Amino acid sequence: MSRPALVPSSHSAGDRDDHDPPLFDALMDVALDLATNLPARDRYQRLVAAVRRILSCDAVTILRAHGGLLVPVAAEGLVPEALGRRFAPADHPRLQAILGSRWPVRFDWSDDRPDPFDGLLVGMEGRDLRVHSCMGASLFLGDELVGALIMDSRAPGVFDGVDDKVVATLAALAAAAVRTTGLSDALEDSARRCGAPVRGLVTAALERGSGEIVGESETIVRLRGEIREVASSSLTVLVTGETGVGKELVARRIHASSPRASKALVYVNCAALPEALAESELFGHGRGAFTGAASERAGKFELADGGTIFLDEIGELPATIQPKLLRVLQDGEIQRVGSDRYRRTDVRVIAATNRDLRGAVDSGRFRADLFHRLSVLVVAVPPLREREGDVALLSGFFLDRARRHLGLGIVRLTPGARDALADASWPGNVRELEHVVLRAAIRAAGGRRGVPVEIDRHHLDIAGKAPVPTVHAVTAGVERQDLSLAAATAEFQRALIGRVLSLCDGSWTGAARRLDVDRSNLHRLARRLGLQGAVGRLDTSGSF
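Reading guide: rules and limits
- Residues numbered from 1 in each chain as written.
- Predicted model: local features only at pLDDT ≥ 70, side-chain atom pairs only at ≥ 80, totals over all residues.
- Heavy atoms only, no water.
- Helix = DSSP H or I, 4+ residues; strand = E, 2+ residues; numbered from the N terminus.
- Contact = heavy atoms within 4.5 Å.
- Expected span 1.5 Å × (residues − 1).
- Buried < 20%, exposed > 50% of the residue type's maximum accessible area, 1.4 Å probe, protein only.
- Arc of directions from axis to C-beta.
- Axes fitted to C-alpha atoms, helices over the stretch in contact; angles between N-to-C directions.
- Parallel < 35°, antiparallel > 145°, perpendicular 65-115°, else oblique.
- Left-handed = near helix turned anticlockwise from the far one by under 90°.
- Nonpolar A, V, L, I, M, F, W, Y, C, P; charged D, E, K, R; others polar.
- Pairing = 2+ DSSP bridges.

Chemist: Explain the side chain of Thr236 to me, please; I cannot follow it from the model alone.
Modeler: Mapped onto the fold, Thr236 is located in the loop between α7 (218-231) and β6 (237-240). Setting aside anything within four residues of it in sequence, one finds Thr236 in contact with Leu329, Val349, Arg373, Leu374, Val376 and Leu377.

So this is what it looks like as structure tokens:
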């Protein structure tokens, strides 16, 4: 690879021209780009593109410090899933060296320390996975470490002629981009609320998953905005969404971003509460309240006093408990089982459900007044099929987790595997993707440890988006001219559902997957269309 045209050919300031016009113009263009009123993502992307152009290298990445990790926020020249990776500096000697210096650090081809982006550069399929040239700079705002700028190349010696001061200038611009987008302030505020410092990068954050919502799709950006909006108040929140979309993670982010973050977040799975013990679990009991109650016991609401209680699967709450929960939401008072005394409690309630609560209200299975109390603020978590581009980021995130847990070397996807993941319908959403990636890593590793692993399409136990019957195939019985549009639409839906059910041997789960809809929504539609008997007769395939 030829030496960069815009970069002085010496490391020494005395051997270079401080007024090199092409270099000066390029740096000015970068600075002007950062000064424009652009979304954070666009600002970062323009910056990495400019750095790659100036240094003529294969890949450039900006990472920010967050929760003990370095998180990529923009990259050029890396495979799509690379932005989903999370890097603990303690696991990467090159990152440790870069973060430990206030001046750019370079690594030549003979340096035996592995590069964090080995195997992640575009065009490495079937080739040597190692990066042969690397240069990096830490990003500081004053004395606060906020990230790193990393440049990589497959060819040796690419950065030999790069002036350190040029890279230092680019790093300063990258740090300014972090400051301009407010990331450092957000991190500092979050750390203050959670009682954890931004500095002192630790690997413990890897094991607790960091509570991060991974993704850059429009729907996820919008979701993050909704979380910020609802977190500032103490109003009740209802989190809705299909199974596996990450409702619990959203609830945790709301709590962690709220003024109550330093207090407890108490989790309750309403579906797992036995009806006989549900009241005691939630509100506590007095001594002798029932057989086995040898002493007084505080319930979950008392344990969450001052903080947040998360009522998962609220739609499964026993009917006998619903009026008691309503009283807590209305008056902020609880009454232990077997006690005449009311106790005040200051608890924010976040509830979650994958059911249609409004439909449950209409059918009499859920109290209307409780539903309205719970749904003061509603946050809808989008299914994975509506998160365009996020499958790659999430795949990278889960591949990195699999690498750590399984003790593997580099774990990467082939283009075929990447396409297969992008084409899947993911009825189980993010949870299903996580399990698929973990199983694929285990298969591809074949029991080996510490070795590079490449996941191909055949390692993935997923099917692509199955085609549904064509319109022509199901419109034979919908050709009457006397039908209104609404009646014709209903007739078409009945015919389509019936045909797909037949193709799936009566499996509603399979039919929902082929129609690309949630199974519970398909059930509701079938009932509305007068197919209740079919629902009761054929619904034997379990839920997802």
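Chemist: Looking at this structure, how should I read helix α16 (residues 429-445)?
Modeler: Note that an α-helix has 3.6 residues per turn; residues three or four places apart therefore point the same way. In this model α16 runs 25 Å from its N-terminal to its C-terminal C-alpha over 17 residues, within 8% of the 24 Å that 1.5 Å per residue would give. Turning to α16, its buried residues number three or more, namely Asn429, Val430, Leu433, Val436, Val437, Ala440, Ala441, Ala444 and Ala445. Buried residues of α16, viewed axially, fall in a sector of 155°; they line one side. Contact partners of the buried residues in α16: α14 (390-406), α15 (415-423) and β14 (453-455).

Chemist: Any chance you could explain the packing of helix α18 (residues 485-503) against helix α19 (residues 508-515) here in plain terms?
Modeler: Packed helices, taken two at a time, are described by their axes: the angle between them and the distance between them. It is at 9 Å that the axes of α18 and α19 come closest, and there the two elements cross at 120°. Here α19 runs oblique to α18, going by the angle between their axes. The handedness of the crossing between α18 and α19 comes out as right-handed. Contacts between α18 and α19 involve Leu496, Ile497, Val500, Leu501 and Leu503 on the former and, on the latter, Trp508, Ala511, Arg514 and Leu515. Looking at the contact of α18 with α19, its residues break down into eight nonpolar, no polar and one charged.

Chemist: I'm lost on the sheet that holds β6 in this one. Help?
Modeler: What holds strands together in a sheet is hydrogen bonding between their backbones, with the strands either parallel or antiparallel. With parallel pairing, the five strands of this open sheet are ordered in space as β7-β8-β11-β6-β12. The open sheet has two free edges, formed respectively by β7 (265-269) and β12 (377-380), since each of these has just one partner strand. The average undirected angle you get between the axes of adjacent strands in this sheet is 20°.

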